[in-house]
Amino acid sequence: VTTTFFTSANQGYEPFVLPYMASVLINNPDAVVEICLERPLAFEVANADALALLREWFGPKVTVRRGAFQGLAPNSVRFLETPSQLTEYTYIGDIDILVLEHLTPKHLAQMKKTGLPFSNIIRPTTPPRLSGRHFTESSAHYPLPTLEGVDIRKVGDENLLYLQVEAKGIGLPDPEVMWRPAHGMHFSHNRPVKRPGTTDWGIALPLAMAYAQFRDEPRWRELIPMFDRRYLHLLLVLETAIEAHFPEIDLFAGRPPEYSLRSLIAG
């Protein structure tokens, strides 16, 4: 294991937790996943069958635990907690991404290009921000620095990350560098599904093809009936968008008769 995928989810984003863990671990054999929740015990009880399957397949690579959410913006929690499973690298990501790629080698190659101990970009904004998807050498990022004079309750999550990296004194990216792949479909509630020229779900042809292959992975297929119905609705929207925008991808070819998102949602 070389990379800890670390993120957080408040109660509203709990439907993304199981798919995130499954997609990460199926596509990243060198990874462990740790997610901070507001109510981990309740989540464990409500999702006992799915978590049992994940732990049967991946053992101790699956961790959900309590995070300190009180008084904080939910998106900031992932930057204020430290993983209990620290490996050589940490990827602090977004819970609402369906991960479809093996990403560690890609970020190591980018770090070799930039000479920095992390992979991220600076957004062209004021105040300065790094993006919310941060791949880093764990020893460069942790322990987290103390930010003197900063009220973490009033600082945006990406500005908070910028201030942390700045305080560590490990360098910052060239503002001209824009390499920041999502490595999957970004199911944000705040993004349109597909709209050219805007920030959307990232349904480009290569990722649509990756999804078409991933959706029939046996472990993923076994977990799908256990997902929250709200997430199944999102998958149905995703598949409809792929079929509309990329008719050359046949999502129905080879589909088992028992596989139907509509049936699962209705059931």
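Refer to the structure printed above.
Figured I'd write up the structure that's included with this text. Keep in mind that what you see is a predicted model, and the values were worked out from it rather than measured.

### Things to note about the environment of Phe6
Summarising the element assignment, Phe6 is placed in strand S1 (residues 3-9). In sequence terms Phe6 and Tyr91 are 85 residues apart; their C-alpha atoms lie 6.0 Å from each other. The contacts of Phe6, once residues within four sequence positions are left out, are Glu34, Cys36, Arg65, Arg78, Glu81, Thr82, Pro83, Thr90, Tyr91, Ile92, Gly93 and Tyr142.

### Thoughts on the side chain of Gln110
Mapped onto the secondary structure, Gln110 falls in helix H5 (residues 104-114). By relative accessible area, Gln110 is classed as buried at 10%. For Gln110, the residues in contact, after removing those within four places along its chain, are Ser119, Val177 and Trp179.

### Here's the deal with the packing of helix H1 (residues 17-27) against helix H3 (residues 48-58)
At a minimum axis distance of 11 Å, the contact between H1 and H3 shows a crossing angle of 15°. Classified by the interaxial angle, the pair formed by H1 and H3 is roughly parallel. As H1 packs across H3, the resulting crossing turns out to be left-handed. On H3, the residues touching Leu18, Met21, Ala22, Leu25 and Ile26 of H1 are Ala50, Leu51, Leu54 and Phe58. Classifying every residue of the contact of H1 with H3 by side-chain character gives 9 nonpolar, no polar and no charged.

### Topic: unusual backbone geometry
Cis geometry marks the peptide bond from Thr126 to Pro127; its omega dihedral reads 0°. The topology assignment puts Pro127 in the loop between strand S7 (122-123) and strand S8 (129-130). For the peptide bond that leads from Tyr142 to Pro143, omega is 0°, which places it in the cis range. Mapped onto the fold, Pro143 is located in the loop between helix H6 (138-141) and helix H7 (157-168). Even without a glycine there, the phi angle at His183 is positive, about 65°. Secondary-structure assignment places His183 in the loop between H7 and strand S10 (184-186). Given the relative accessible area of 2%, His183 is considered buried.

### Concerning the sheet that holds strand S6 (residues 118-119)
Pairing in this open sheet of 6 strands is mixed, and the strands run S3-S2-S1-S4-S9-S6 from one edge to the other. What marks the edges here is a single partner per strand, and that holds for strand S3 (62-66) and S6. Pairing analysis gives 4 bridges linking S1 to strand S4 (residues 89-92), with the strands arranged parallel. Within S4, the residue paired with Phe5 across the bridge is Tyr91.

### Description of the nonpolar core
Judged by nonpolar contacts, the single largest core of 58 residues is most densely connected at Met21, Met185, Phe187 and Trp220. When residues no more than four places from it in sequence are discounted, the contact partners of Trp220 are Pro19, Ala22, Ser23, Ile26, Leu98, Phe214, Arg215, Phe227, Tyr231 and Leu235. By size, the runner-up hydrophobic cluster in this structure holds 18 residues, among which are Ile92, Leu116, Phe118 and Leu130.

### A few points about the pairing of S3
Counting buried residues along S3, 4 of its 5 residues qualify, which places the element largely inside the surrounding structure. Judged from the 5 bridges that link them, strand S2 (residues 31-37) and S3 form a sheet pairing that is parallel. Bridge pairing links Cys36 to Arg65 in S3.

Conventions we followed
- Residues numbered from 1 in each chain as written.
- Predicted model: local features only at pLDDT ≥ 70, side-chain atom pairs only at ≥ 80, totals over all residues.
- Heavy atoms only, no water.
- Helix = DSSP H or I, 4+ residues; strand = E, 2+ residues; numbered from the N terminus.
- Contact = heavy atoms within 4.5 Å.
- Buried < 20%, exposed > 50% of the residue type's maximum accessible area, 1.4 Å probe, protein only.
- Axes fitted to C-alpha atoms, helices over the stretch in contact; angles between N-to-C directions.
- Parallel < 35°, antiparallel > 145°, perpendicular 65-115°, else oblique.
- Left-handed = near helix turned anticlockwise from the far one by under 90°.
- Nonpolar A, V, L, I, M, F, W, Y, C, P; charged D, E, K, R; others polar.
- Pairing = 2+ DSSP bridges.
- Core = buried A, V, L, I, M, F, W, Y, C linked by side-chain atoms within 4.5 Å.

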